[in-house]
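Below are the chains, spelled out letter by letter.
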Amino acid sequence: MNDPIVGIDLGTTNSAIGVVDSGFPLLLADEEGKRIMPSAVWIGEDGSVEIGRKALRRRGADGARVITSVKRLMGRELDTREKQSLFGKSPEEISALILGELKRVAEWRLGQPIRKAVITVPAYFHDGQRQATKRAGELAGLEVVRIINEPTAAALCYGLDQLGERSRVAVYDLGGGTFDLSILEMQEGVFQVLATHGDTRLGGDDLDLAMATAMARRAGLDWQALPQEQRVRWQVEAERVKCALSSSERETFALPFYDGVNSFSADVTREQWQEWMQPWIAKTIACCHKALNDAQLLPQEINAVVLVGGSTRIPAVRAAVEQCFGRVADVSQHPDEAIALGATIQAGMLSGAMKQMVLLDVTPLSLGIETLGGLMNVLIPRNTTIPCKAGETFTNAVAGQKAMRIRVLQGEREMARDNWELGQVDVPFEPAAKGQARIGVQFRLDENGILEVLARDVSTGIDRILVIENSAVDVSDEKVGQMVSESVEHAFEDMAERVWTEAKLKAEELLPAVEGALSIGSEWLSEEELQTIEAARADVRHALEGKEAHRLKQAVQELDRATEALAAKIVEYAMEQATGGLGS
Ligand code: ADP
Ligand code: MG
């Protein structure tokens, strides 16, 4: 990979980093195999630093020196208490430590230096906050090639950029410490934020705290009076139980020897837990309504709803959002990885590593050439992924023919005349007996939709090349729809005409052939055999007048069968002549 660009979700609670590798966006895991890193920094009294999970492990013993949620302070004037909480460092410097750790993990995984990044920020971040994020990146030794909105990254991750112009997406993001709901609209290929509403003091942490204090109260403790290291234990256990209740109906909250002597244990059911959570969930839904109102949209005018942020793993949250928007949410991506993956996709698009995916397209209509009898011979069927290549060998229909005209067609109809002509080319070839010339025709459609038609006289190797720019793929949806529906409408008559044409071509070939065969070998046949052949010939001639496709097809097959024995005898005779001549 030459100079890759990484994608980074610099979250309030958790962060992640990814890169596009061989066309696939993927998040990079640290030495413990974890793709998600807590946005936490511990600064020791001697100035030493621990980042991520290691920093969180210091919460019990040295909680006061563990900095979390620094994102809330980015690009703001700090008051004295806030300044103190950072031990003399600026929010940018703390964020730079987190970014530096992500960079280290990526460099270790990829085995090469990382210089460039795309970083996400909340849609509501103002310019100062965006600048501060950029500075944090620079402090970490990264050139921030782009800052993108978190909801946009989430929408990219879900592939919603493919929805088309004017489509609208609601992104519901409930993380550890913040909530926001953004409504995006695709305008000229990029997402515009129509509205965003949220609460910067609402998230999973509040739920943990609610459960921890409720449990401590049950144990008869006064939360306010608890020392910091004990509070942390109650909160850590509360978060574990909360997460467990997202997938199971019941979980035991257990803190053995929480104060060194006493133990606490209580069962919590999902039902109870959902009741506790209701007020928080209701607050987020109120924001959804406000955002819809701001954007002057009704829930049914939203084309897709996606859930991101770890807290949307909670079933009750998902249910409430689905009810609010009246539609099922797309949950195909990991809610806590979607933003980082989207940033990675954006980074891949910027570096060119994701080019293939963006350009991947299909042929809207079939491509082929006209063959004998005015039939459409499809070489590349409709909906084939491009780039692609296909070809066939054709032969001359008439003895002594000197050239073949290749008409390149597009469309779904059986007869050439009902399809569109994209171009034509004459291929000269050595005059030969009927069916002796060999002309290879190959269609090559590249990723830009340019169709190259290569026609080659196989005996001389002489090529003719016809290049058709763009027209093969650039067809309006309307015209495609029209062509497809016409082909369905005329399916029966088209098919009948094809069967008729094919049978007629076969009959016109077979009748003179039978004539010739009879003149050579009629004396080898019994009276009965001769009569069968005569009857079959008459039948074919008759059917040719009748214009009935299936009857002609049958008659031709019958004649073919009736003359099988004669054909075999003629071949045998010819062989005898040849070997006899050699032998004597
Ligand atoms: P942020 O965007 O704030 O950095 P995340 O999107 O990573 O945060 O979300 C972190 C939050 O998600 C935490 O509060 C965590 O407890 C919560 N969370 C993670 N998994 C689950 C789960 N299975 N059930 C409920 N909450 C969860
Ligand atoms: Mg987040």
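### Digging into the site of ligand 1
Inference 1: Around ligand 1, 18 residues are found, and the nearest of them are Thr13, Asn14, Glu239, Lys242 and Ser246.
Inference 2: Within the side chain of Lys242, a nitrogen or oxygen atom sits 2.7 Å from an oxygen atom of ligand 1.
Inference 3: At a separation of 2.9 Å, an oxygen atom of ligand 1 approaches a polar backbone atom of Gly310.
Inference 4: Out of a free accessible area of 580 Å², ligand 1 has 88% covered by protein chains.
Inference 5: The element best represented in the shell around ligand 1 is helix H8 (residues 228–244), accounting for three residues.
Inference 6: Residue classes in the shell around ligand 1 are distributed as two nonpolar, twelve polar and four charged.

### Observations concerning the packing of aromatic side chains
Inference 1: Evaluation of the coordinates by the stated rule reveals eight aromatic pairs.
Inference 2: Arranged with centres 6.0 Å apart and planes meeting at 75°, the rings of Phe253 and Phe264 form a pair that is edge-to-face. Placement of Phe253 in strand E13 (residues 250–255) and of Phe264 in strand E14 (residues 264–269) is noted, with a sequence separation of eleven residues between them.
Inference 3: Owing to a relative accessible area of 0%, Phe253 belongs among the buried residues under this scheme.
Inference 4: Given a relative accessible area of 10%, Phe264 falls into the buried group.

### A few points about the nonpolar core
Inference 1: Of all hydrophobic cores here, the largest spans 46 residues; its most connected members are Tyr172, Trp234, Phe253 and Phe325.
Inference 2: If one sorts the elements of this core by residue count, helix H9 (residues 270–294) sits on top with eight residues.
Inference 3: Among residues more than four places away in sequence, those in contact with Tyr172 are Phe179, Asp180, Leu181, Thr284, Cys288, Val306, Leu307, Val308, Thr312, Val317 and Val321.
Inference 4: Counting residues in hydrophobic clusters, the runner-up holds 33 residues, among them Leu73, Ile98, Val121 and Ala140.

### Considerations on helix H15 (residues 527–546)
One turn of the α-helix equals 3.6 residues, which is why residues spaced by three or four share an orientation.
Inference 1: With 20 residues, H15 extends 29 Å between its outermost C-alpha atoms, agreeing within 8% with the 28 Å of an ideal straight helix rising 1.5 Å per residue.
Inference 2: Every buried residue of H15 is listed here: Ile533, Ala536, Arg537, Val540 and Ala543. The buried residues of H15 occupy one face: seen down the axis, they fall within an arc of 130°. Exposed side of H15, more than 90 degrees from the buried face: Glu527, Glu528, Gln531 and Glu545 are the residues found there.
Inference 3: Once H15 ends, the next one or two residues include Lys547, with phi positive near 65°.

### Thoughts on the sheet that holds strand E22 (residues 420–428)
Inference 1: Here we have four strands laid out as an open sheet, ordered E18-E17-E21-E22, and antiparallel in their pairing. Each having just a single partner strand, strand E18 (375–380) and E22 make up the two edges of the open sheet. For this sheet, the mean angle separating the axes of adjacent strands, direction not counted, is 30°.
Inference 2: One ladder, built from eight bridges, connects strand E21 (residues 403–410) with E22; its direction is antiparallel. Of the residues in E22, the one forming a bridge with Gln410 is Trp420.

### Let's talk about the pairing of strand E8 (residues 116–121)
Inference 1: In terms of residue burial, E8 counts as a mostly covered element, since five of its six residues are buried.
Inference 2: In this sheet, E8 lies alongside strand E1 (residues 5–10) in parallel orientation, the contact comprising five bridges. Bridge pairing in E8 links Val6 to Ala117.
Inference 3: As defined by bridge partners, E8 adjoins strand E9 (residues 143–149) across six bridges and the pair is classed as parallel. Considered in E9, the bridge of Ala117 is made with Val144.

### Regarding the side chain of Asp494
Inference 1: By the secondary structure assignment, Asp494 is in helix H14 (residues 491–521).
Inference 2: From its side chain, Asp494 meets the backbone nitrogen of Glu414 in a polar contact 3.4 Å long.
Inference 3: Ignoring any residue separated from it by four or fewer positions in sequence, one finds Asp494 in contact with Arg413, Glu414 and Asp418.

Scoring rules and cut-offs
Residues numbered from 1 in each chain as written. Chains lettered and ligands numbered in written order. Predicted model: local features only at pLDDT ≥ 70, side-chain atom pairs only at ≥ 80, totals over all residues. Heavy atoms only, no water. Near = heavy atom within 4 Å. Polar contact = N/O pair within 3.5 Å; in protein donor to acceptor, adjacent residues only side chain to side chain. Areas by Shrake-Rupley, 256 points an atom, 1.4 Å probe, with all protein chains shown as cover. Helix = DSSP H or I, 4+ residues; strand = E, 2+ residues; numbered from the N terminus. Nonpolar A, V, L, I, M, F, W, Y, C, P; charged D, E, K, R; others polar. Phe/Tyr/Trp six-rings, centres within 6.5 Å; stacked < 30°, edge-to-face > 60°. Buried < 20%, exposed > 50% of the residue type's maximum accessible area, 1.4 Å probe, protein only. Core = buried A, V, L, I, M, F, W, Y, C linked by side-chain atoms within 4.5 Å. Contact = heavy atoms within 4.5 Å. Expected span 1.5 Å × (residues − 1). Arc of directions from axis to C-beta. Pairing = 2+ DSSP bridges. Axes fitted to C-alpha atoms, helices over the stretch in contact; angles between N-to-C directions.

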